Amino acid sequence: MEHRITAAGPLLDASGRLREPGYALQPVSDYNPERLSLTPFKALNRLRLKEWDYYGVWCGDLFLSITISHIGYMGLMFAYIIDFKRDRMIEQAALTPLGRGVSLPTSSRAGDSEYVKGGLRVTFTKRPGERRAAFVWPKFDGQKTFRAELRFDEPETRDHIVMATPIGKNGFYYNDKIPGMPVTGTAQLDGWVDGPLDGALGVLDWGRGVWPYRSFWNWASAFSRRDDGRILSLNLGQGFGDLSAATENSLFLDGKLHKLGPVQFEYSPRDWLAPWRFTDREGRCKLTLRPIFDRSANTNLGVLKSAVHQVFGHFEGLLVTDDGECLDVSGLTGWAEEHQARW
């Protein structure tokens, strides 16, 4: 039985360690990084702390994403857009030493995230019932500007999957994921997209934590509207920290969470576009992802190295809800990824 956190309280105890591992349907724990006590040198604590807000939006044949992050010794902003119909992608990143210009809140429930430098401006805001993401990125594709104004519909009553996961002796990962939010707004990049994002759905990945220098994880996320009008969303993960108290594996129907247990990822690093399979011990998750695009991103900045394969495609198979409803997932769109980092 996985442990569900229901009572409010601080995330970290007086010694700077995770107070209560488990999962929650809302961010009930208060993120308090001021309690970190990883080393006797307080200046080094910030270098091991990794914080980010990631938004991804799928709309027809397009996927676009924007992130603000602070990874300790630098700030990292990146955005990308994928055109599945034309089998192409463009991605760009911006770095800032020691995170200068990056502002990230200590709560996913309130507060704004921002990065501004010159003409590059990225802002994320949280308001009752919605989230907004806006950015202007000059010279994103040569002399072209990538811009967007996006609204994510998030009723206060909908469920999240919130994880408090220990990593090693002193580390932790505090994460809030909200998949399958309806998205309205516009995006513009000459030759790629120009206009409203009709029928789009999106996800927020809000992460805060202290990670080891060498890290590995798998993540899968998917969302689409079913023929009956309900929004089906999926979130799966493995490979990091101590998951004995809880996993992040969940399915959502119209924002209501149905908790899954441990799920095994099966895939071939020799062929990223071969089918990926996902199974659990209870028979509630039997899925195959048939990839159509591999976003392969490799970063080597000396101390910072990252290798990502984010494989997009269509899921098939079945999921079973908490009350026993068997869902055929044909048509569910999403991705799975392997990420290896030295950071």
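Residues numbered from 1 in each chain as written. Predicted model: local features only at pLDDT ≥ 70, side-chain atom pairs only at ≥ 80, totals over all residues. Heavy atoms only, no water.

**Quick look at the overall build of the protein chain**
Which entries qualify depends on this criterion: Starting at the N terminus, helices and strands are each numbered in turn, a helix being any DSSP run of H or I of at least four residues and a strand any DSSP run of E of at least two. Here the globule rule reads 2.2 Å times residues to the power 0.38, and the radius of gyration is calculated from C-alpha atoms. Contacts are assigned to residue pairs with any non-hydrogen atoms lying within 4.5 Å of each other.
In terms of regular secondary structure, the protein chain is built from 1 helix and 26 strands. In terms of overall dimensions, the protein chain is globule-like: its C-alpha atoms have a radius of gyration of 19 Å, near the 20 Å expected for 343 residues. Dimensions of the protein chain, computed from the C-alpha atoms along their principal axes, are close to 55 × 55 × 45 Å. A separation threshold of at least 6 residues defines the contact pool for the protein chain, and within that pool the share at least 24 residues apart is 54%.

**Thoughts on unusual backbone geometry**
What counts, and what does not: Accessible area is worked out with a 1.4 Å probe on protein chains only. A residue is then buried under 20% of its type maximum, exposed over 50%, and partly exposed in between.
The phi dihedral of Asp 87 is positive, around 55 degrees, even though this residue is not glycine. Checked against the element boundaries, Asp 87 lands in the loop between strand 6 (74-83) and strand 7 (88-97). On the accessibility criterion, Asp 87 (53% relative accessible area) is exposed.

**Side note on the pattern of salt bridges**
Heads up, the rule is: Criterion for a salt bridge: a side-chain nitrogen of Lys or Arg within 4 Å of a carboxyl oxygen of Asp or Glu.
Applying the stated criterion to the full structure yields 20 salt bridges. For Glu 2, the salt bridge identified is with Lys 259, shortest N-O distance 2.7 Å. Taken as a pair, Glu 2 in the segment before strand 1 (9-10) and Lys 259 in strand 20 (residues 256-259) lie far apart in primary sequence, 257 residues in all. Each of the two residues, Glu 2 as well as Lys 259, counts as buried.

**Topic: the pairing of strand 5 (residues 62-70)**
Using the following cut-off: In this scheme, strands are said to pair when DSSP sees at least two bridges between them.
Among the 9 residues of strand 5, 9 are classified as buried, and the element is accordingly described as predominantly covered. Residues of strand 5 alternate between two faces, with Leu 62, Leu 64, Ile 66, Ile 68 and His 70 on one and Phe 63, Ser 65, Thr 67 and Ser 69 on the opposite face, all of them buried. Where strand 4 (residues 49-59) meets strand 5, 9 bridges bridge the pair, whose relative direction is antiparallel. If you follow Asp 53 over to strand 5, its bridge partner there is Ile 68. Connecting strand 4 to the next strand, strand 5, in antiparallel fashion are 2 residues, including Gly 60 with a positive phi near 60 degrees.

**Section: the packing of aromatic side chains**
Put simply, the rule is: Two aromatic rings, drawn from Phe, Tyr or Trp (for Trp, its six-membered ring), form a pair once their centres lie within 6.5 Å of each other, and the interplanar angle then sorts them: stacked below 30 degrees, edge-to-face above 60, tilted otherwise.
Inspection of the entire model under this criterion finds 34 aromatic pairs. The interplanar angle of 90 degrees and the centroid separation of 6.0 Å between the aromatic rings of Phe 223 and Trp 335 together place this pair among those described as edge-to-face. Taken together, the positions of Phe 223 in strand 17 (residues 214-225) and Trp 335 in strand 26 (residues 332-342) put the pair 112 residues apart, joining distant regions of the chain. The burial state of Phe 223 is the same as that of Trp 335; both residues are buried. Where Phe 312 meets Trp 335, the ring centres are 5.6 Å apart and the plane angle is 50 degrees; that geometry is what we call tilted. One end of the pair, Phe 312, is in strand 24 (residues 305-320); the other, Trp 335, is in strand 26, and 23 residues separate them in sequence. On the basis of relative accessible area, Phe 312 is assigned to the buried category, the value being 0%. Through a chain of ring-to-ring contacts, three or more aromatic side chains come together here, namely Tyr 54, Trp 58, Phe 63, Phe 78, Tyr 80, Phe 84, Trp 219, Phe 223, Phe 293, Phe 312 and Trp 335.

**Overview of the nonpolar core**
Rules: In this text, buried Ala, Val, Leu, Ile, Met, Phe, Trp, Tyr and Cys residues form a nonpolar core when linked through side-chain atoms within 4.5 Å.
Trp 137, Leu 150, Phe 172 and Leu 197 are the most contacted members of the largest nonpolar core, which has 51 residues in total. Among the elements that take part in this core, strand 14 (residues 171-189) stands out by supplying 7 residues, more than any other. Discounting residues that sit within four places of it in the chain, Leu 197 has contacts with Val 57, Cys 59, Leu 64, Leu 150, Val 183, Gly 185 and Ala 187. Judged by nonpolar contacts, the second largest core, of 28 residues, contains Phe 78, Val 203, Trp 211 and Trp 217.

**What about the environment of Leu 251?**
Mapped onto the elements, Leu 251 comes out in strand 19 (residues 250-253). Judged by relative accessible area, which is 0%, Leu 251 ranks as buried. Through-space distance from the C-alpha of Leu 251 to that of Leu 76 is 30 Å; in sequence the pair is 175 residues apart. Apart from the residues lying within four places of it in its own chain, the contact partners of Leu 251 are Leu 232, Ser 233, Lys 256, Leu 257, His 258, Leu 260, Leu 319, Val 320, Thr 321 and Leu 327.

Spatial relationships are all this shows, so hold off on functional conclusions.
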